[in-house]
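Secondary and tertiary structure notes
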Amino acid sequence: MEELTDLRKIRLEKLSQIREMGVNPFPFVFDRTDFAADVIKNFDPDEKKQAKLAGRLMAVRKHGKAAFCHIMDASGKIQIYIRKDQVGDEQFELFKLLDIGDIIGIEGEVFKTRTEEISVFVSDLQLLSKNLRPLPIVKEKIEEGEKMVYDEFADKELRYRQRYVDLIVNPEVRDVFLKRTKIINSMRRYLEDQNYLEVETPILQPLYGGANARPFKTHHNALDIDLYLRIADELYLKRLIVGGFDGVFEFGKDFRNEGIDRFHNPEFTMMEVYVAYKDYYFMMELVENMVSQAVQRVSKNLKLTYQGNEIDFAPPWQRKKMSDILKEYTGEEIIGKSKSELLAIAKKLNVPIGDGADVGKIIDEIFSEKVEPNLIQPTFILDYPVELSPLAKKHRSDQGFVERFEGFIAGKEICNAFSELNDPIDQKARFEQQVEFGRGGDDEAHMMDEDYIRALEYGMPPTAGMGIGIDRIVMILTDSPSIRDVIFFPHMRPEKGGEDSL
RNA sequence: GAGGGUGUAGCUCAGUUUGGUAGAGCAACGGCCUUUUAAGCCGUGGGUCCAGGGUUCGAUCCCCUGCACCCUCACCA
């Protein structure tokens, strides 16, 4: 048996005392009729109203035979006033056994205290769930209009591991996640309004593809085959375009077996959309419209601040060719240069280039180093080297490039899109090149996907496709510095020591 | 993967600068208090000082190793 802390022992003792009183500390239902925020909003000093609320006890100020408390429900907090002569001896005895963290139901008349706080004068009190583990007590005070927080529950490790506590105690965390859902719903609504079809494609895949990344590997026992967790939805969604859907999209988790930092979680949410008979210009408009609509769901206007930078989402966003913006930030002409010339330029610019980097990779490194951090306002960067983009269609006029764009906000990539490559012969050649890269040691190179080639051979219409990182968009729209702040349960190493240590 | 930082009571943190097993506020417990709000006043209890090893008469403190988290960098979305 684990060692109980005194605090838990006391609570367990109270639990049995409550049972001895004939009160079930874990009853089944409570028919609440009101929420805290509505009671406060609808208060009318000329009208006596009853309210019936349920919520968690968050603060208690006892005064002998009376007490002021705050309870919190999904809408917010409200003060309640409990008095022995109002609830009776028995319920007041029960009240004295309650702790902060207990979930209770109350009924009573709404009134305003001497200090002008709208409160409920409790006439009936019920315990709905007994708390056995002390909650961090966070105290607040309004001082000269500034909200002061005392004893904030701030340990990031504890907050991420015990997100349930974080959500109870830190209201701004709850707001971030409410916004996350609003953002996703807004994007889904936008796509549905275009009559695109929301679909689901396999997460367990025999071949992974659609991005450059290292996968997670797993095993199916009955079939005795290895499978990969998807790194992108792309190749399956385009098969559906082949199958005759004109617009498909999927919100889903992708998995990449790579490092973890404040921009990367091993599993993350991606939305990909494919639209037939369109090109990447169309997709730029889709992105800026869809995202700016989402911004409006969480902000009063199309501007908001991310980590001190004001960002204006009003369409149209800036569009710049990669070669032009490279020239703008480096003063160098990049287009049409040989590998050795590019290496010399990189050296001059003080950009370190890894061994074995080809032309595309060198350009990408220079771009990441010199340009990307400067792209604070929403910007589309157009036309990438063909080597970096094995699934994108070759550019209609610029040789060596593909019709691809990435959207950048606050110095970070948030989406990636192309005019999709639908020429099966070219696609096969690109896969073969990737396989070569793989042999050359690039463990993120694509695999050959024969079935995907077969699908293209049946004919895929001209198609525009786009993937957008939902977590990153949510970070920007909620001014969150870390991806862990927008994922309920970010990946952590398991706690060691087993149950007894918890 | 590399470098830096942090780890002390349920929570937020002092402290051991010069090694002698530790303190505050909040929370808890007991008492007083029927309009308070970081409620107040009086009193009480509570800690394998992250883990393991070393040095030492003695380590929470010094040394070594490890673990977790945070930050920066590398890879990536």
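Above: the structure in question.
One structure accompanies this document, and this report is about it. Note on numbering: residues in each chain are counted from 1, in written sequence order. Naming scheme: in the order in which they are written, chains are lettered from A and ligands are numbered from 1. In keeping with the model being predicted, local features are shown solely for residues with a pLDDT of at least 70 and side-chain atom pairs are shown and tallied solely at 80 or more, while totals for entire chains, interfaces and linings include all residues. Hydrogens and water are ignored here; the side-chain numbers use all heavy atoms of the structure.

**Some thoughts on the pairing of strand 17 (residues 379-385)**
The side chains of a regular strand alternate, residue by residue, between the two faces of the sheet. Here is the rule: Only protein chains enter the calculation, and the probe is 1.4 Å; a residue is then buried if its accessible area is under 20% of its type maximum, exposed if over 50%, and partly exposed in between. Strands here are runs of E lasting at least two residues and helices are runs of H or I lasting at least four, both read from the DSSP assignment and numbered beginning at the N terminus. Here, strands pair whenever DSSP counts at least two bridges between them.
Counting buried residues along strand 17, seven of its seven residues qualify, which places the element largely inside the surrounding structure. When strand 16 (residues 318-321) meets strand 17, the two strands line up parallel, connected through four bridges. Note on strand 17: the bridge partner recorded for K320 is I381.

**Thoughts on the packing of aromatic side chains**
Stated formally: Pairing of aromatic side chains here covers Phe, Tyr and the six-membered ring of Trp, requires ring centres within 6.5 Å, and sorts the geometry by plane angle: under 30 degrees stacked, over 60 edge-to-face, intermediate tilted. Sitting over a ring, as applied to charges here, requires NZ of Lys or CZ of Arg to be within 6 Å of the ring centre and within 35 degrees of the ring normal.
Tallied over the full model, the rule gives 16 aromatic pairs. Residues F111 and F121 carry aromatic rings whose centres are separated by 5.9 Å and whose planes lie at 55 degrees to one another, so their mutual orientation is tilted. Placement of the pair is F111 in strand 4 (residues 103-112) and F121 in strand 5 (residues 118-129), with a sequence separation of ten residues. Counting every residue linked through ring pairs, the aromatic cluster contains Y280, Y281, F313, W317, F380 and F405. Its end group placed over the ring of F30, K52 keeps NZ or CZ at 5.2 Å from the ring centre. Sitting over the face of the ring of Y384, R404 holds its NZ or CZ atom 4.6 Å from the ring centroid.

**Topic: the protein's contact with RNA strand B**
How we decide: If even one non-hydrogen atom of a residue comes within 4 Å of a molecule or strand, that residue is called near it. N or O atoms within 3.5 Å of each other form a polar contact, as long as, within protein, one can give a hydrogen and the other can take it, and as long as residues adjacent in sequence are counted only when both atoms are side-chain atoms. Note on residue classes: Ala, Val, Leu, Ile, Met, Phe, Trp, Tyr, Cys and Pro are nonpolar, Asp, Glu, Lys and Arg are charged, and everything else, Gly too, is polar.
Contacts to RNA strand B come from 56 residues, most closely from T115, K139, H264, R472 and R493. In RNA strand B, atoms within 4 Å of the protein come 57% from sugar and phosphate. At 2.7 Å from a base oxygen of RNA strand B is found a side-chain nitrogen or oxygen belonging to R61. Backbone polar atom of K65 to a phosphate oxygen of RNA strand B: 3.3 Å apart, as the coordinates give it. Listing elements by their share of the surface near RNA strand B, those giving two or more residues are helix 1 (6-20), strand 1 (50-62), strand 2 (66-73), strand 3 (76-83), strand 6 (139-143), helix 4 (156-161) and helix 11 (359-370). Of all the elements, helix 4 adds the most residues to the surface near RNA strand B, at five residues. By residue class, the composition of the surface near RNA strand B is 17 nonpolar, nine polar and 30 charged.

**A closer look at empty space enclosed by the protein**
We count it as follows: With a 1 Å grid spanning the protein atoms alone, the term cavity applies to any set of points in which a 1.4 Å probe fits but cannot get out, the term pocket to an open set with protein on both sides within 12 Å along at least five of seven lines, and the term lining residue to any residue with an atom within 4 Å of a point. Grid points are joined across faces, edges and corners, and a volume is the space filled by probe spheres set on the points.
Enumeration over the complete set of coordinates arrives at two cavities of 30 Å³ or more. Taken as a whole, the largest cavity encloses approximately 90 Å³ of empty space. Forming the boundary of the largest cavity are M58, K77, I100, L135, P136, I137, V138, E140, I168 and V169. Classifying every residue of the lining of the largest cavity by side-chain character gives eight nonpolar, no polar and two charged.

**Let's talk about the sheet that holds strand 17**
Worth spelling out the cut-off: In what follows, residue pairs with any heavy atoms lying within 4.5 Å of each other are defined as contacts. Working convention: axes come from line fits to C-alpha atoms, limited for helices to the stretch in contact. Angles between N-to-C directions cover 0 to 180 degrees.
Taken in spatial order, the eight strands of this open sheet run 8-12-13-20-19-18-17-16, and their pairing is mixed. Here the strands that pair on one side only, and so sit at the sheet edges, are strand 8 (197-198) and strand 16. Here strand 12 (residues 247-255) runs beside strand 13 (residues 267-276); their pairing, made up of nine bridges, is antiparallel. Looking at the pairing, G252 lines up with M270 of strand 13. Sheet strands touched by helix 8 (residues 280-298): strand 13, strand 16, strand 17, strand 18 (401-409), strand 19 (412-419) and strand 20 (463-469). Its angle to strand 20, the strand with the most contacts, is close to 35 degrees. Helix 14 (residues 470-477) rests against strand 12, strand 13, strand 18, strand 19 and strand 20 of the sheet, and its axis sits at about 55 degrees to strand 20.

**A few points about the side chain of R404**
Inspection of the secondary structure assignment puts R404 in strand 18. Judged by its relative accessible area of 9%, R404 is buried. At 3.0 Å, the side chain of R404 forms a polar contact with the side chain of E406. Ignoring any residue separated from it by four or fewer positions in sequence, one finds R404 in contact with Y280, I381, L382, D383, Y384, L388, S389, N416, A417 and F418.

**A few points about the layout of surface pockets**
Put simply, the rule is: Here the bounds of each domain stem from an automatic or database domain assignment.
In this structure, the second largest pocket encloses a volume near 810 Å³. Residue lining of the second largest pocket: 27 residues in total, with M58, M72, K77, E140 and P171 positioned closest to the centre. Where the lining of the second largest pocket is concerned, the elements lending two or more residues are strand 1, strand 2, strand 3, strand 6, helix 5 (163-169) and helix 6 (171-193). Looking at the lining of the second largest pocket element by element, the count peaks at five residues for strand 1. Structurally, the lining of the second largest pocket is a two-domain feature, drawing no fewer than three residues from each of domain 1 (2-135) and domain 2 (172-305 + 385-485).

**Some details on unusual backbone geometry**
Backbone torsion omega between P315 and P316 reads -5 degrees, so that peptide bond is classified as cis. Mapped onto the secondary structure, P316 falls in the loop between strand 15 (309-312) and strand 16. A positive phi angle, close to 65 degrees, is found at N350, a residue other than glycine. Residue position: N350 is located in the loop between helix 10 (339-348) and helix 11. One non-glycine residue with positive phi stands out, namely D479, at about 55 degrees. Within the secondary structure, D479 sits in the segment after helix 14.

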